[in-house]
Amino acid sequence: MSNFFNKSDLTRQDADKLVSETLNNCDDGELYLEESKSESILLDDNKIKSSNYSSDLGFGFRAISNEVVAYSYSNEISKDSLKNSSENLKSTLKSIKGIYNHEIPKSNKKFYKDINPIEQKTLDSKLEVLNKVNDFLRKKDGSVKQVTASFAGEQKSIEIIRSGGEALTDVRPLIRFNVSVMLEKNGRKETGVYGIGGRQSYDDYLKNDNWKNVCEEAFRIASVNLESKPAPAGEMKVVLGPGWPAILIHEAIGHGLEGDFNRKKTSAFHDLMGEKVANEGVTIVDDGTIDNRRGSLTIDDEGTPTERTVLIENGILKNFMQDRHNARLMNTRSTGSGRRENYRHIVLPRMRNTMMLSGNQTQDEMIKSVDKGIFAVSFGGGQVDITSGKFVFNCTEAYEINNGKIGSPIKGATLIGDGPSILKEVSMVGNDMMLDPGIGTCGKAGQGVPVGVAQPSILIDKMTVGGTKL
Amino acid sequence: MVKDQEFLKSKASYCLDLAKKMGATDASVTVGHSISETVNFRNKSLEASDRSDGLALSIDTYLGKSRSSISSSNLQDENIKTLIEKCFETTKITPEDEFNSLPDKNLLAKQIGSLNLYDETRFENDKKIKYLKDLEESASTDNQIINTESSFTENKSNFILANSDGFCDGYKTSSFTTSCVTVAKDENSMERDYEFSSKRHLSDIKQAIDLGNKAAKQTIRKLSPKKIGSDKISIIFDKRISKGMLSAFASAISASAIARGTSFLKDKIDQQVFANSINVIDKPDIIKGMGSQNFDSEGVNSNTLQLIENGILKNYLVDTYNGKKLNLKSNGRSGGTTNLYFEKGNISYEDLIKKNSRSLYITETIGHGSNLVTGDYSVGATGFLVEDGEFKYPVNEITIAGNFKDMFKNITLANDLEFEYSVNSPTMMIEGMTVAGK
């Protein structure tokens, strides 16, 4: 746990006093202190291309009254600096008065260990694994022309000081291991990428030579793509594999169920609470409480313990994801979804681990039911236009389906659909729910936060596939 | 006030001295300070204010051909010392890489002229509020507009880049950015669109009323869109999308992508990659330019580069490390392009729109569908169906796809180039792409 006051002329008492005084006439707000240490090591083109260590320290001071949020941050933790911020907040909110809400739920549960993953493994041993990855892949096959492998580790300590002196703390580890391989055969080049990660130590992921599995998977995806044909263009049936393809859920549904867009009525879902938005078999939750997952949080960035929020239950829209600010304005409670990239940013309602739960059909049944369509196994990134509801994601591994059988692999294509209607097109839900490998980062308003997704195989009756073959 | 040159220089030389003292053979350091103030409005009233004040430091230390780096926002001498020690310890165990080195001394920028990138005008929050009020007022005149959100950000930055070969320079920059996002609704649909303006000098920012009007107009015309059938159809890219083609091209000719062999434009120097009529230029010394720079992120002098001449690829974007790998001199593009643009074409916007009896005019794309290894391109798109030069109806939930190698050779540019951003393109037409829809 970081002590934010031992190297500063600012004492804990000073901070408490200034926070209480500043937020006295506001509806909500807090002082958020953060120290992060992070490391990234990259092997590329047969060499250790970079090793970077970075440390960051700072505070963000927030005051909210009515609908107005005033925010000020600095990376200098000192009396003067905090006073300046306080003045800045007061000047924005001078004409708006509020009543501070002291209530904040408590929980003793923790979803990850208080460790610093960077220090737990020596730099030498990390370099050794990266070099092994490089040798392993290059020896594996003559078609391997480029290998990139990287470690990224982080420990973030936060402290939230609320008016009245209440303090909440959390220490968050996060790691990621990634392998990208490019193959060249008969003049064609294709890449395959795979990674793993979460809120644990490197060794938890790399035991039993698990790095080899990551290499094999990246190689397999690249090999499949070397054989790929142009993708079809037009509306057709789409079977999605389990796990990471759930970024469809994240983009198509998740963002549209975030509190801010619904309070502002700019989400296509804002007037659909309690309504049927999906087929019967569809249940979607956003869960911050799964042990060691990338999207899990013991408390969110406002200090609220996270929870498992049911968003859609058997097709009915049940809840939005809320931070304190939007919850207050919508007369509901925070779901522990208030997140920020770091102290430089304001809190927004965000996803954690977004999951579609299992049904009772099999992937086999789905494939067999399709005359003409595609089977999408892995994806790159996705994006959504909240207002129109249109969303896309990019296939990185997909196959055509003809007469109930999986055919040739197809080139990466963008799939596009309509968020509010796509869940009504989900006609089969598999019994094989799987979590993603722990690699997701969600972007919103210029802020990236780690997230997770999960889903079983699903059959979508109609979606537009953005290939080139008519 | 943003920290002055003297303060940043003293921090930079403290770092260099310390690294040298510990035994580093070379070192380079960047110290920067940036202050931003943003005001956000929503539906004609204040929604948020945000002030940020940030210092940043990054150091590379070398021991012969080994290198590692650290970065931090904590500039206390004691913290810097701990970090440099850690950095140097890491350097010692990092394997050598023969291409690691500071830039060649004779390539470093020497005389630095003013590009007028700093406007010291303070635009107080009260004035920002007045500006945004006017903006949202003009954006909300039509009752189909149901939500407006806008913001104004003022930024002042200063930095020093120094290395152990004696380079030590930096300069202040400023930017003023305002944007407006509007949501419109009718009985069939809800749509969003935007407009923004970003300039080095406050006086160059677009008028609030014009910006608001434009955002609203662009949103309302998207209402009640239709989906069209899958087809091969000529596609016209609005300026705000066509500049994205340039960004994709720039990524594909970065020395790093070329050296790693992961670009579809590898080994294409002196070959035809665009249509004959196309010229692409990267010009770092445009006065008040959003992408202008006196030197690149390594201190290397950057001159104007003709990247494409009559369709032929003439230069990659070269930094020191990848340059050494490719046996090329750095051309001052560590950190990428500066002010990148297509030279204007010789057909008017009106004639371009009329050129085909039926075409698709794209105003927005979504998704990350550019594969720079293969050149494959596939993105979600929103736009308008154009028939005989007239906008018929809005179109959405479609994708457009092709391969950059073919797309680049089938580009026709209009003559409506303007220098608004750091990447600028005229309106563009590409033939032969596939639209996937119904």
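What you see is a predicted model, and the numbers here were worked out from it, not measured in a lab.

1. Here's the deal with the overall build of chain A
- In terms of regular secondary structure, chain A is built from ten helices and 22 strands.
- With the C-alpha coordinates aligned to their principal axes, the bounding extent of chain A is approximately 70 × 55 × 35 Å.
- A total of 470 residues make up chain A; the buried ones form 60% of that total.
- Taking all contacts inside chain A whose residues are at least 6 apart in sequence as the whole, residues at least 24 apart take part in 76%.

2. Observations concerning the sheet that holds strand S14 (residues 358-366) of chain B
Residues and elements named next belong to chain B.
- A sheet is described by the order of its strands in space; here eight strands give the open sequence S8-S20-S16-S15-S14-S9-S19-S17, paired in mixed fashion. Each of the sheet's edge strands pairs with one partner strand only, and the pair in question is strand S8 (231-232) and strand S17 (411-413).
- In terms of strand pairing, S8 meets strand S20 (residues 434-436) through two bridges, oriented antiparallel. Bridge pairing in S20 links Asp231 to Val435.
- Strand contacts of helix H5 (residues 239-252): strand S9 (234-237), S14 and strand S19 (428-430), with the helix running at about 70° to S14, the strand carrying the most contacts.

3. Comments concerning the domain arrangement of chain A
All names here are of chain A.
- Segmenting chain A into domains produces domain 1 (123-160 + 169-226) and domain 2 (233-466).
- Between domain 1 and domain 2, the C-alpha centre-to-centre distance is 25 Å.
- On the domain 2 side, the residues contacting the 13 residues of domain 1 number 16 residues.
- Contributing elements (two or more residues each) for the side of domain 1 that touches domain 2: strand S5 (167-185), strand S6 (188-198) and helix H5 (210-226).
- Its residues assigned to classes, the side of domain 1 that touches domain 2 comprises five nonpolar, five polar and three charged.

4. Quick word on the interface of chain B and chain A
- Listed per partner, the contact involves 57 residues of chain B and 64 residues of chain A.
- The set of elements that each furnish at least two residues to the side of chain B that touches chain A consists of strand S2 (45-63), strand S3 (66-72), helix H2 (77-93), strand S7 (190-199), strand S15 (376-387), strand S16 (390-403) and S20 of chain B.
- Top element by residues in the side of chain B that touches chain A is S2(B). It accounts for ten residues.
- Inspection of the sheet shows strand S2 (residues 47-65) of chain A paired to S3(B) by four bridges, in the parallel sense. Pairing of A:Asn52 across the sheet is with B:Ser69, part of S3(B).

5. Looking at the sheet that holds strand S18 (residues 423-424) of chain B
All names here are of chain B.
- Strand order in this open sheet of five strands is S12-S11-S10-S13-S18, and the pairing throughout is mixed. Both edges of this open sheet fall to strand S12 (312-313) and S18, since each of them pairs with a single strand only.
- Sheet topology note: the strand S13 (residues 340-342)/S18 ladder contains two bridges and is parallel. Counted as the bridge partner of Leu340 is Val423 from S18.

6. Structural notes on unusual backbone geometry
All names here are of chain A.
- One non-glycine residue, Asn66, lies in the positive phi region at around 50°.
- In this structure, Asn66 sits in the loop between S2 and strand S3 (68-74).
- Looking at Asn66, the number of C-beta atoms within 10 Å reads 15, which means it is partly exposed.
- Phi angles above zero are rare outside glycine, and Asn186 is one such case at about 50°.
- By the element assignment, Asn186 lies in the loop between S5 and S6.

7. Comments concerning the environment of B:Pro95
- Inspection of the secondary structure puts B:Pro95 in the loop between H2 and helix H3 (125-139).
- Aside from chain neighbours lying at most four places away, what touches B:Pro95 is A:Lys47, A:Ile48 and B:Ser66.

What counts as what
Residues numbered from 1 in each chain as written. Chains lettered and ligands numbered in written order. Predicted model: local features only at pLDDT ≥ 70, side-chain atom pairs only at ≥ 80, totals over all residues. Helix = DSSP H or I, 4+ residues; strand = E, 2+ residues; numbered from the N terminus. Buried ≥ 20, exposed ≤ 12 C-beta atoms within 10 Å, placed from the backbone. Contact = placed C-beta atoms within 7 Å. Pairing = 2+ DSSP bridges. Axes fitted to C-alpha atoms, helices over the stretch in contact; angles between N-to-C directions. Domains from an automatic or database assignment. Nonpolar A, V, L, I, M, F, W, Y, C, P; charged D, E, K, R; others polar.

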